Amino acid sequence: MSESSGNTIGIRASGKLTKSDYETVLIPQLTDLFNTHGQLNIVFLMDDGFEGWDMEAAWDDASYGLMHRADFGKLAVVGGPAWVNWGIKLSGFLMKGEIRIFGPGHMDQAWQWVRS
């Protein structure tokens, strides 16, 4: 996302996330950013077209997240279906950083929070 700078980045998810999305885009870019900045603050936007993850992508998401659970400072989750937000709340205890969920249309508040 264009608001990204330094160790604070924005990720927009649309459609169904696949294993290929993780292997070719998300994991390589996050790995480079972790190597450069150490800890990251992330705004994760699930837009109106977001459909979730396929099973392999969900596994990649969970395993990569656990591997870097101490490397996330703040994670702002914006929008998305209720089932995703509940899953994030339930798994949030595994992360050492802070997680906040923002409703659709609250991008400005999410960016403000991750930068504070």
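Per-chain numbering applies: the sequence of each chain, read as written, is numbered from 1 onward. Restriction of local features to residues with pLDDT of at least 70 applies here, the model being predicted, together with a cutoff of 80 or more for giving and counting side-chain atom pairs; totals for whole chains, interfaces and linings are based on all residues. Just so you know, side-chain values use all the structure's heavy atoms and leave hydrogens and water out.

Points about the overall build of the protein chain
Inference 1: Across its full length, the protein chain carries four helices and four strands.
Inference 2: Note on conventions: DSSP H or I runs of at least 4 residues are helices, E runs of at least 2 residues are strands, and numbering of each starts at the N terminus. If you list the helices and strands of the protein chain from N to C, you get β-α-β-α-β-α-β-α.
Inference 3: For the radius of gyration, the atoms used are the C-alpha atoms, and the globule rule reads 2.2 Å times the number of residues raised to 0.38. Taking 116 residues into account, the globule formula puts the C-alpha radius of gyration at 13 Å, and the protein chain, at 13 Å, falls close to it.
Inference 4: Referenced to the eigenvectors of the C-alpha coordinate spread, the extents of the protein chain come out at roughly 30 × 30 × 30 Å.
Inference 5: The buried share among the 116 residues of the protein chain stands at 40%.
Inference 6: Contacts are assigned to residue pairs that have any heavy atoms within 4.5 Å of one another. When contacts within the protein chain are restricted to residue pairs at least 6 apart in sequence, long-range pairs at least 24 apart make up 81% of them.
Inference 7: Shrake-Rupley sampling with a 1.4 Å probe provides the accessible areas, and residues are treated as covered by the protein chains on show and by no other component. Carbon and sulfur atoms make up 55% of the accessible area of the protein chain, which totals about 6,700 Å².
Inference 8: Averaging the coordinates of the 9 positive side-chain charges in the protein chain and doing the same for the 14 negative ones gives two points 9 Å apart. Each residue's exposure class comes from its accessible area (1.4 Å probe, protein chains only) as a fraction of the maximum for that residue type: buried when under 20%, exposed when over 50%, partly exposed otherwise. Lys and Arg are tallied as positive, Asp and Glu as negative. Neither His nor the chain termini are counted. Just so you know, the charge point we use is NZ for Lys, CZ for Arg, CG for Asp and CD for Glu.

Observations regarding the sheet that holds strand 4 (residues 98-102)
Inference 1: Paired strands are those between which DSSP finds at least two bridges. Spatially, 1-2-3-4 is the arrangement adopted by the four strands of the open sheet, whose pairing is parallel. Whereas interior strands pair on both sides, the edge strands pair on one side only; in this sheet they are strand 1 (8-17) and strand 4. Going across the sheet, the axis of each strand differs from the next one's by a mean of 20°, ignoring polarity.
Inference 2: Alignment of strand 3 (residues 72-79) against strand 4, held across five bridges, turns out to be parallel. Its bridge partner being in strand 4, Ala 76 is matched across the sheet by Arg 100.
Inference 3: Each axis is a line fitted through C-alpha atoms, taken for helices only over the stretch in contact, and angles between the N-to-C directions span 0 to 180 degrees. Of the strands in this sheet, strand 1, strand 2 (40-53) and strand 3 are in contact with helix 1 (residues 19-37), which crosses strand 1 at around 170°.
Inference 4: Strands strand 1, strand 2 and strand 3 of the sheet are contacted by helix 2 (residues 55-67), whose axis makes an angle of about 165° with strand 2.

Quick word on the packing of helix 1 against helix 2
Inference 1: Running from amino to carboxyl end, helix 1 crosses helix 2 at an angle of 15°, the nearest separation of the two axes being 9 Å. By the angle between their directions, the pair helix 1 and helix 2 is classed as roughly parallel. Judged by the sense of rotation from one axis to the other, the crossing of helix 1 with helix 2 is right-handed. For the pair helix 1 and helix 2, the contacting residues are Lys 19, Tyr 22, Glu 23, Ile 27, Leu 30, Thr 31 and Phe 34 in the first and Glu 56, Ala 57, Asp 60, Asp 61 and Tyr 64 in the second. Angle categories are assigned with fixed cut-offs, so that under 35 degrees is roughly parallel, over 145 is roughly antiparallel, 65 to 115 is roughly perpendicular, and the rest are oblique. Crossings are assigned a handedness: left-handed for a near helix turned anticlockwise from the far helix by less than a right angle, right-handed for a clockwise turn.

Focus on the environment of Asp 60
Inference 1: As for its placement among the helices and strands, Asp 60 is situated in helix 2.
Inference 2: Residues Asp 60 and Lys 19 lie 41 residues apart in sequence; the distance between their C-alpha atoms is 7.0 Å.
Inference 3: If we skip the residues at most four places from it in the chain, Asp 60 touches Lys 19, Tyr 22, Glu 23 and Ile 27.

Observations concerning the confidence of the model for the protein chain
Inference 1: Looking at the protein chain, pLDDT values average 90 and 97% of them are 70 or higher.
Inference 2: pLDDT expresses how confident the predictor is about each individual residue, on a scale running from 0 to 100. Highest mean pLDDT in the protein chain belongs to helix 4 (residues 107-115) (97); lowest belongs to helix 3 (residues 82-91) (74).

Concerning helix 1
Inference 1: By this rule the span expected of a helix is its residue count minus one, scaled by 1.5 Å. With 19 residues, helix 1 ought to run about 27 Å at 1.5 Å a step, and its terminal C-alpha atoms sit 25 Å apart, in line with that.
Inference 2: The largest bend in helix 1 amounts to roughly 40° and is located at Leu 26, with the proline Pro 28 lying one to four residues further along.
Inference 3: Of all the positions in helix 1, only Tyr 22, Leu 26, Leu 30 and Phe 34 are classed as buried.
Inference 4: Residues of helix 1 that are buried make contact with strand 1, strand 2, helix 2 and strand 3.
Inference 5: A positive phi of about 80° marks Gly 38, the residue just after helix 1. Given a residue, its bend is the angle between the two axes fitted to the seven residues that end at it and to the seven that start from it.

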